[in-house]
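Next come the chains, spelled out residue by residue.
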Amino acid sequence: MDEEELAITVGLGLVAREAAAVEYVLHGIYVHLAEIARAYTAQAIATGGALIRQCRETLEELGDSAVPATRRASLVQDLDLAEEGFRFRNRFLHGYWIFDPEVQSWLTLKGAHGMTRPEIAHTGSEAVWELARRFQALRDRLVHWDIVQFGELAETENGDRGWASVKHL
């Protein structure tokens, strides 16, 4: 395994971890939007694109009285970014990677739902690391949104009290 393969492999692990963190936060937001008292108790919750659709549908049902327009617009923008990120995550994690010596980059091949041809794209390790960074920033924005909309006073590990994003289990 050369340096580029190692960078891709480690980067893919980070993408998987950060994407899972975004899904976890989105699940908490969905639970709040749907007014489910305890997470994981009402029904099996979807992941990835299906979870985003659940968030969008629930947000639409609520109207502006429950979520102010500016906050709603912010969440919709982040849901768009999450959807795009999950598409890349799926291509990176579920695709076949092969080095293309003609162009000196990696070729990813992945079957796509509803298509008769695979998704084909050239990429490099920098794209994987950039996606991980995008997921980290998105997670931070979603946590902030959740705190502003649904935050609860909580005690930190240091014993301080402050507003927190809380998911009741």
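Quick summary incoming for the structure in this document.

Rules and cut-offs
Residues numbered from 1 in each chain as written. Predicted model: local features only at pLDDT ≥ 70, side-chain atom pairs only at ≥ 80, totals over all residues. Heavy atoms only, no water. Helix = DSSP H or I, 4+ residues; strand = E, 2+ residues; numbered from the N terminus. Buried < 20%, exposed > 50% of the residue type's maximum accessible area, 1.4 Å probe, protein only. Contact = heavy atoms within 4.5 Å. Areas by Shrake-Rupley, 256 points an atom, 1.4 Å probe, with all protein chains shown as cover. Lys, Arg positive; Asp, Glu negative; His and termini not counted. Charge placed at Lys NZ, Arg CZ, Asp CG, Glu CD. Salt bridge = Lys/Arg side-chain N within 4 Å of Asp/Glu carboxyl O. Polar contact = N/O pair within 3.5 Å; in protein donor to acceptor, adjacent residues only side chain to side chain.

## Quick notes on the overall build of the chain
Right, on to step 1. Scanning the chain from N- to C-terminus turns up four helices and five strands.
Right, on to step 2. Reading the chain from its N end, one meets helices and strands in the order α-α-α-β-β-β-α-β-β.
Right, on to step 3. For the chain, the C-alpha atoms occupy an extent of roughly 55 × 45 × 30 Å along the three principal directions.
Right, on to step 4. Expressed as a percentage of the 169 residues in the chain, the buried residues total 37%.
Right, on to step 5. In the chain, the proportion of contacts linking residues at least 24 apart, taken out of those at least 6 apart, comes to 60%.
Right, on to step 6. In the form shown here, the chain has an accessible surface area of approximately 10,000 Å², with 53% of it arising from carbon and sulfur atoms.
Right, on to step 7. Charged side chains of the chain number 17 positive and 26 negative; the gap between the two group centres comes to 4 Å.

## What about the side chain of Asp100?
Right, on to step 1. Along the chain, the position of Asp100 falls in strand E1 (residues 96–100).
Right, on to step 2. It is Arg91 that comes nearest to the buried, bridge-free Asp100 among opposite-charge side chains, at 13 Å.
Right, on to step 3. A distance of 3.1 Å separates the side chain of Asp100 from the backbone nitrogen of Glu102, its partner in a polar contact.

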